[in-house]
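Overview (structure and organization)
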Amino acid sequence: GIIDILNDFNSKSTFFLVGFWTDKYNDMVRVIDQNGMEIGTHSNTHPDMTKLSTESIRSELETSINLIKNITGKDVKLFRAPYGAYNNTLLDTATDLGLITIQWDVDTLDWKGLSGEEICARVLKYVKNGSIILCHNNSDHILQALPLVLDRLQKQGYTIGAIGELIYT
């Protein structure tokens, strides 16, 4: 799986987990955590959070954070908004909860059914120092793409790490 591939390449990653997935796959959350991967929240139910009230945003984030924390025992510090959609209300609410909201700059489009080679080609075309590469655990060809991406990036001298390693506060 994804964790095995990351470990094979001595790489770390950040997993942004949705609350309903976290609740359903407790064991996988533990595996992600025990393998030294960083875990952030991706909301509880994956709504377009720009359409929610402050109270609903707070509930989405707190619920998902608590689910993750109850499994890992660790604080959640990072948030990736569903669909990458954000507004000031969302950013302010996330900040009030102690979260750093992140975006990405390399979209693999892996959810569109691209082949492993096509995903890899997209990454290599757009990646630069400090890039955040967006992938999805449930995409059709992530298991074919990931070894190609990691191998080629490492051969180009890149180190693949968790997002928290990039953040300067």
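The written sequence of each chain sets the order in which its residues are numbered from 1. Only residues with pLDDT of at least 70 get local features here, since the model is predicted, and only at 80 or more are side-chain atom pairs given and counted; chain-wide, interface and lining totals rely on the full set of residues. Think of the side-chain values as coming from all heavy atoms in the structure, minus any hydrogens and water.

Okay, the overall build of the protein next. Helical segments are the DSSP runs of H or I of at least four residues, strand segments are the runs of E of at least two, and each set is numbered from the N terminus. Looking only at helices and strands, the protein has 7 helices and 6 strands in total. For the protein, the N- to C-terminal ordering of α and β elements is α-β-α-α-β-α-β-α-β-β-α-β-α. What the globule rule says is 2.2 Å times the number of residues to the power 0.38, and the radius of gyration is computed from C-alpha atoms. Taken over C-alpha atoms, the radius of gyration comes to 16 Å for the protein, in line with the 15 Å a tight globule of 169 residues would show. Taken along the three principal axes of its C-alpha coordinates, the protein extends 45 × 35 × 30 Å. Residue burial is assigned from relative accessible area. The probe radius is 1.4 Å, only protein chains are included, and a residue is buried under 20% of its type maximum, exposed over 50%, and partly exposed in between. Taking all 169 residues of the protein together, 41% fall into the buried category. Restricting to contacts in the protein with at least 6 residues of sequence separation, those with at least 24 account for 70%. Residue contacts follow a heavy-atom distance rule, with two residues in contact if any of their heavy atoms lie within 4.5 Å.

Attention now goes to the state of the cysteines. Note on terminology: disulfide denotes any pair of cysteine sulfur atoms within 2.5 Å. Applying the stated criterion across every chain yields a total of 0 disulfides. You can see Cys 120 has no disulfide; the closest cysteine sulfur is in Cys 135, sitting 11 Å from it.

With that out of the way, let us pick up the packing of helix α4 (residues 54–72) against helix α5 (residues 88–96). Only C-alpha atoms enter the line fits that serve as axes; for helices the fit covers just the stretch in contact. Angles between N-to-C directions range over 0 to 180 degrees. At a minimum axis distance of 10 Å, the contact between α4 and α5 shows a crossing angle of 50 degrees. Here α5 runs oblique to α4, going by the angle between their axes. For the pair α4 and α5, the crossing hand works out as right-handed. Of the residues in α5, those in contact with Thr 54, Ile 57, Arg 58 and Leu 61 of α4 are Thr 89, Leu 90, Thr 93, Ala 94 and Asp 96. Any angle that falls under 35 degrees is termed roughly parallel, while one over 145 is termed roughly antiparallel, one within 65 to 115 roughly perpendicular, and all others oblique. In this scheme, a crossing is called left-handed if the near helix is turned counterclockwise away from the far one by less than a right angle; it is called right-handed if the turn is clockwise.

The next subject is the layout of surface pockets. The definitions used throughout rest on a 1 Å grid laid over the protein atoms alone, on which a cavity is an enclosed set of points accommodating a 1.4 Å probe that cannot get out and a pocket is an open set flanked by protein within 12 Å on both sides along at least five of seven lines; lining residues are those having an atom within 4 Å of a point. Grid points are joined across faces, edges and corners, and a volume is the space filled by probe spheres set on the points. Space inside the second largest pocket adds up to approximately 300 Å³. Along the walls of the second largest pocket sit 15 residues, with Glu 38, Ile 39, Asp 75, Val 76 and Lys 77 positioned nearest its centre. Residue assignment for the lining of the second largest pocket shows that the elements contributing at least two residues are β2 (38–41) and α4.

Only buried residues count toward a nonpolar core, which is a set of Ala, Val, Leu, Ile, Met, Phe, Trp, Tyr and Cys residues joined through side-chain atoms within 4.5 Å. Residues Leu 6, Phe 15, Leu 17, Ile 32, Leu 61, Phe 79 and Leu 99 are the most contacted members of the largest nonpolar core, which totals 33 residues. Secondary-structure elements contributing two or more residues to this core are α1 (2–8), β1 (14–17), α3 (26–34), α4, α5, α6 (116–126) and α7 (142–155). Apart from the residues within four sequence positions on either side, Phe 79 is in contact with Phe 16, Thr 41, His 42, Ser 43, Met 49, Leu 61, Leu 90, Ala 94, Leu 99, Ile 100, Thr 101 and Ile 102. By size, the runner-up hydrophobic cluster in this structure holds 5 residues, among which are Leu 78, Ile 102, Ile 132 and Ile 163.

Another point: α3. Along an α-helix, residues three or four apart share an orientation, since each turn contains 3.6 residues. Those residues of α3 that fall on the buried side of the exposure criterion are Val 29, Ile 32 and Asp 33. An end-on view of α3 places all buried positions within 95 degrees of arc, on one side of the element. Among the exposed residues of α3, those pointing more than 90 degrees away from its buried face are Asp 27 and Gln 34. The secondary structure elements touched by the buried residues of α3 are α1, β1, α2 (19–24), β2 and α4. Looking at the residues trailing α3, positive phi occurs at Gly 36, about 75 degrees. Picture the helix axis, draw a direction to every C-beta atom, and the arc is the one those directions span.

Salt bridge, as used here: a side-chain nitrogen of Lys or Arg that lies within 4 Å of a carboxyl oxygen of Asp or Glu. Applying the stated rule across the entire model yields 8 salt bridges. The closest approach of N and O atoms between Asp 33 and Lys 74, which form a salt bridge, is 2.6 Å. Residue Asp 33 is found in helix α3, and its partner Lys 74 is found in the loop between α4 and β3 (78–80); the two are separated by 41 residues along the sequence. Taking the shortest distance from any N to any O, the salt bridge between Asp 48 and Lys 51 comes out at 3.0 Å.

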